[in-house]
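Notes for the structure review
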Amino acid sequence: MSENEPQAKKGLGGCLIAVIVVAVVLSIGIMVLVFLGMRSPIAKKALATMTVWKTVMENATHGPGTAELKKSLCKQSILVVDLDDARARLKGADFPGDPLKILVSDARFEIICDPGANGSSITCSQVAEAWLQAVKTTSGNFEVMVSNKQTQQTVGACNRVYSAAGEDIGVGHFKH
């Protein structure tokens with residue numbers, strides 16, 4: 001062969017072709033299994049559960065008082081979960097097991113506050129007072145949880161239950 005003659009292109013090796021074929025066959029097999037699995041009653045119920053929780057948590061990001069608390073105390077994140085709504089949505093759906101088990105609080109609302117890096121001194125009573133000022137009135141007890149996920153700080157973190165009037169009733173159901 002001279003330098004000016006073009007070299008013959010090398011094709012894909014037999015092993016590489018075999019690997020590609022096996023990968024394609026496995027991918028198709030996995031897609032078929034996923035498709036068949038999602039048609040099962042258990043998979044449908046699991047998907048329904050996830051859909052209900054997605055709705056509950058989306059509503060929690062816009063719950064009563066969230067805008068006011070986000071501006072003042074809970075600058076990193078704030079959720080106000082309407083537990084009565086969550087209970088009703090879960091009770092009305094057909095789920096395996098008892099999805100209401102995780103809603104162990106008897107409170108009407110669950111307020112979850114993350115003040116961010118500069119908010120380690122914020123207390124549950126401050127959040128409770130600010131929330132009551134924002135919503136003006138509530139129809140039942142509410143639970144407040146404050147923790148700082150950004151700094152992984154549990155010092156100053158709290159979890160308390162309050163009456164509709166804002167009186168501290170006791171420790172909430174979340175553990176730190």
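Heads up: the structure comes first, above all this text.
Here's what I pulled together on the structure shown here. Quick caveat, the model's predicted, so the values are computed rather than measured.

Details of the pattern of salt bridges
- Tallied over the entire structure, the rule returns six salt bridges.
- For Arg 89, the salt bridge is made with Asp 85, and the minimal N-O distance between the two is 3.0 Å. Of the two residues, Arg 89 and Asp 85 are both situated in helix α4 (residues 83-91); the distance of four residues between them amounts to about one turn of the helix.
- The class of Asp 85 is partly exposed, set by a relative accessible area of 24%.
- Linking Asp 168 and Arg 160 is a salt bridge whose minimum nitrogen-to-oxygen distance equals 2.9 Å.
- The exposure class of Asp 168 is partly exposed, given its relative accessible area of 43%.
- Classification of Arg 160 by relative accessible area gives partly exposed; the value is 25%.
- Taken together, the shared-partner salt bridges connect Asp 82, Asp 84, Arg 87 and Arg 108 into one network.

Considering the state of the cysteines
- Scanning the model with the defined rule gives two disulfides in all.
- In this model, Cys 74 is linked to Cys 113 through a disulfide, with the two sulfur atoms separated by 2.0 Å. An S-S torsion of about -110° defines the bridge between Cys 74 and Cys 113 as left-handed. Within this pair, whereas Cys 74 is found in the loop between α3 (66-72) and β1 (77-82), its partner Cys 113 is found in strand β2 (residues 109-114), the two being separated by 39 residues in sequence.
- Among the residues examined, Cys 113 registers a relative accessible area of 1% and is labelled buried.
- Linked covalently through their sulfurs, Cys 124 and Cys 158 form a disulfide whose S-S length is 2.0 Å.

Things to note about helix α5 (residues 124-135)
- Its twelve residues give α5 an end-to-end C-alpha distance of 16 Å, which sits within 8% of 16 Å, the value for a rise of 1.5 Å per residue.
- Among the residues of α5, Cys 124, Val 127, Ala 128, Ala 130, Trp 131, Leu 132 and Val 135 are the ones counted as buried.
- Of the residues one or two after α5, Lys 136 is the one with positive phi, at around 70°.

Considerations on the packing of helix α2 (residues 41-60) against α4
- Between α2 and α4, the least distance of the axes is 10 Å, while the angle of their chain directions is 165°. Put simply, α2 runs roughly antiparallel to α4. For the crossing formed where α2 meets α4, the hand is right-handed. Here Val 52, Trp 53, Thr 55, Val 56 and Asn 59 of α2 come into contact with α4, specifically with Asp 85, Ala 86, Arg 89 and Leu 90.

Cut-offs used in this document
- Residues numbered from 1 in each chain as written.
- Predicted model: local features only at pLDDT ≥ 70, side-chain atom pairs only at ≥ 80, totals over all residues.
- Heavy atoms only, no water.
- Salt bridge = Lys/Arg side-chain N within 4 Å of Asp/Glu carboxyl O.
- Helix = DSSP H or I, 4+ residues; strand = E, 2+ residues; numbered from the N terminus.
- Buried < 20%, exposed > 50% of the residue type's maximum accessible area, 1.4 Å probe, protein only.
- Disulfide = S-S within 2.5 Å.
- Expected span 1.5 Å × (residues − 1).
- Axes fitted to C-alpha atoms, helices over the stretch in contact; angles between N-to-C directions.
- Parallel < 35°, antiparallel > 145°, perpendicular 65-115°, else oblique.
- Left-handed = near helix turned anticlockwise from the far one by under 90°.
- Contact = heavy atoms within 4.5 Å.

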